[in-house]
Amino acid sequence: MMRAIKLPAETTDDHNVTLRVPDDLPAGPAEVILLVPDDEFAARRERARALQRNPAAWIRAFDAWVRSHDPNLPVLPAEALRQEAMYEDRL
């Protein structure tokens, strides 16, 4: 049986959330549901629509997102990217 607890959280950037978990919370599986205030959701939706209307701005935002990733991460081998490797249990 699961119980619901409310945890304080804050967004650290567009794609990450930091949760402050109480010390007495037992270790184990958890399900996180993120509720975003309407005004924040509306602002993100408007930003997405503005990027759709301006391809040059979208390209700049995409390039910034690409540059935000660690270029030293190892690349998967071509074999790992084959459909058969990804969905071997479905063939």
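(A) Expanded view of the overall build of the protein chain. Assigned secondary structure in the protein chain consists of three helices and two strands. The order of α-helices and β-strands along the protein chain, N terminus first, is β-β-α-α-α. Counting contacts in the protein chain only where the partners sit at least 6 residues apart, residues at least 24 apart contribute 23% of the total. Only carbon and sulfur atoms are counted for the fraction: they give 57% of the accessible area of the protein chain, which is about 8900 Å².

(B) Region of the structure containing the packing of aromatic side chains. Throughout the structure, instances matching the rule amount to two aromatic pairs. Ring centres of tryptophan 58 and phenylalanine 62 lie 5.2 Å apart, and the angle between their planes is 5 degrees; this geometry places the pair in the stacked category. Of this pair, tryptophan 58 and phenylalanine 62 both sit in helix α2 (residues 55-67), four residues apart, roughly one helical turn. With 5.7 Å between their ring centres and 35 degrees between their planes, phenylalanine 62 and tryptophan 65 make a pair best called tilted. Residue phenylalanine 62 and its partner tryptophan 65 are located together in helix α2, separated by three residues, close to a single helical turn.

(C) Main features of the packing of helix α1 (residues 38-53) against α2. Remark: α1 packs on α2, axes separated minimally by 5 Å, with the N-to-C direction vectors making an angle of 115 degrees. Between α1 and α2, the residues in contact are Arg47, Leu51 and Arg53 and Pro55, Ala57, Trp58 and Ala61, respectively.

(D) Spatial organisation of the pairing of strand β2 (residues 16-19). Across four bridges, strand β1 (residues 9-13) lies against β2 in antiparallel orientation. Bridge pairing in β2 places alanine 9 opposite leucine 19.

(E) A nonpolar patch on the surface, seen in detail. Taken together, the side chains of Ile5, Val17, Leu19, Val21, Leu25, Val32 and Leu34 make up a nonpolar region of the molecular surface, amounting to roughly 570 Å² of accessible area. The topology assignment puts isoleucine 5 in the segment before β1.

(F) Region of the structure containing the confidence of the model for the protein chain. Looking at the protein chain as a whole, its pLDDT mean stands at 80, while 88% of the residues score no less than 70. Mean pLDDT per element in the protein chain: β1 is the minimum at 72, and α2 is the maximum at 91.

Basis of the calculations
Residues numbered from 1 in each chain as written. Predicted model: local features only at pLDDT ≥ 70, side-chain atom pairs only at ≥ 80, totals over all residues. Heavy atoms only, no water. Helix = DSSP H or I, 4+ residues; strand = E, 2+ residues; numbered from the N terminus. Contact = heavy atoms within 4.5 Å. Areas by Shrake-Rupley, 256 points an atom, 1.4 Å probe, with all protein chains shown as cover. Phe/Tyr/Trp six-rings, centres within 6.5 Å; stacked < 30°, edge-to-face > 60°. Axes fitted to C-alpha atoms, helices over the stretch in contact; angles between N-to-C directions. Pairing = 2+ DSSP bridges. Patch = residues over 30% accessible without salt bridge, like charges linked within 9 Å, V, L, I, M, F, W, Y side chains within 5 Å. Salt bridge = Lys/Arg side-chain N within 4 Å of Asp/Glu carboxyl O. pLDDT = per-residue confidence, 0-100.

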